[in-house]
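# Geometric and topological summary
For reference, the chains in residue letters:
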Amino acid sequence: MIVRFGYVAMSTVVQNSSPSRTMTMASFKKLDDREAGLRRLERIAGENLHNTLRLLKHNLAHDIKVYRMTSKLIPLATHGDLDDWDPFPALRDSFAEVGDFVRKHEMRVSFHPDHFTVLSTPRPEVLMNSIKDLRHHTDMLHALGFSGRMKNNIHIGGAYGDKPSAAARFIEHFEGLDQDIKERLTLENDDKTFNAVETLTVCQKLGLPMVLDLHHQWVNHEGERPGELWRDVLETWNSPLAQAGSEGDNPLPPKIHVSSPKSPTDIRSHADGVEMPPLLHFLREIAAITPQLDVMIEAKKKDEALFGLMRDFAAAEGDGVKLLNQAAIEVTP
């Protein structure tokens, strides 16, 4: 099994490279000239895209082909007071440059809309804003020139005191989404509400690919081990929605999330790095039935955590582990 590793949004190694610079609405409203303020937002977004490209070049130098882009590329993009603003024409070339680099080097990128994007909500205004946010993320993927092969990852959302009803609302609201949004969604188990079994059930009903978060599964489960779910999770990546935009001879690999608990008393928060032994145990469990796997590291130290994990794998090399490059390994059962 070929396993590639990636990290989330920010680098702790590359200095002054934040792709998430922003402006608050309070600051925007203090500006005397609204049009000048919009141009300023577009300049900030251009700088964010420039820094994204810097990080992608850093990733390329270290063989990192999996990367989660920040949702904050365009400041205030979905704020209700700016509904008449379309930032994409001014950013067309910057988005195209990033997208071209990703395609040229055969990288896999994604977005993860924040926890306010919930399709399980019973509140119409929250649903409207959630769909608006999904549209924005999908429009960014379009601006990058990406097919459905690049995804937006979300959670089911809150239970609102009745988990079966919340799951049913998620399914109903998902069915009402535009097709291009549907094709770009993956669904992840969370650490407090919808566990891996429940999330898998919704994915199977909708034909959505499931991103198994190992840390979340460890703190929120029904007694199952993650390896026991894997065959069914793997199957969700064979659906038409999962493989939208992929060519037959180049299927999109499944993806998982990994992180480690911050401490024994704070098991849900993420540590700076990732503990290698439990991850390797899981990888060995699934290696026989999984040709390829992409792993998103959600540790506090970002790319530094990835480099540390690769050093740990290097120390284990020869025991069913082979380093392929600076950010990928081969695992045998």
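Residues numbered from 1 in each chain as written. Predicted model: local features only at pLDDT ≥ 70, side-chain atom pairs only at ≥ 80, totals over all residues. Heavy atoms only, no water.

## A short note on the overall build of the protein
Counting secondary structure elements, the protein contains 11 helices and 12 strands. Expected size for 333 residues packed as a compact globule is a radius of gyration near 20 Å; at 20 Å, the protein falls within 12% of this value. The dimensions of the protein, computed from C-alpha atoms along their principal axes, are 65 × 45 × 45 Å. Counting only contacts in the protein whose residues sit at least 6 apart along the sequence, the fraction spanning at least 24 positions is 76%. (Helix = DSSP H or I, 4+ residues; strand = E, 2+ residues; numbered from the N terminus. Rg over C-alpha atoms; globule rule 2.2 N^0.38 Å. Contact = heavy atoms within 4.5 Å.)

## Considerations on unusual backbone geometry
Phi angles above zero are rare outside glycine, and Asn16 is one such case at about 50 degrees. Relative to the elements of secondary structure, Asn16 occurs in the loop between strand S1 (2-8) and helix H1 (25-29). Look at Asp63: it is not a glycine, yet its phi comes out positive at around 65 degrees. Position of Asp63 relative to the elements: it lies in the loop between helix H2 (34-61) and strand S2 (66-68). What makes Asp63 partly exposed here is its relative accessible area of 27%. (Buried < 20%, exposed > 50% of the residue type's maximum accessible area, 1.4 Å probe, protein only.)

## Things to note about the nonpolar core
Judged by nonpolar contacts, the single largest core of 93 residues is most densely connected at Phe5, Ile74, Phe170, Ile256, Leu283 and Phe313. With 8 residues, H2 is the single largest residue contributor to this core. Not counting residues up to four positions away in its chain, the partners in contact with Leu283 are Met1, Val3, Leu293, Phe313, Ile329 and Val331. (Core = buried A, V, L, I, M, F, W, Y, C linked by side-chain atoms within 4.5 Å.)

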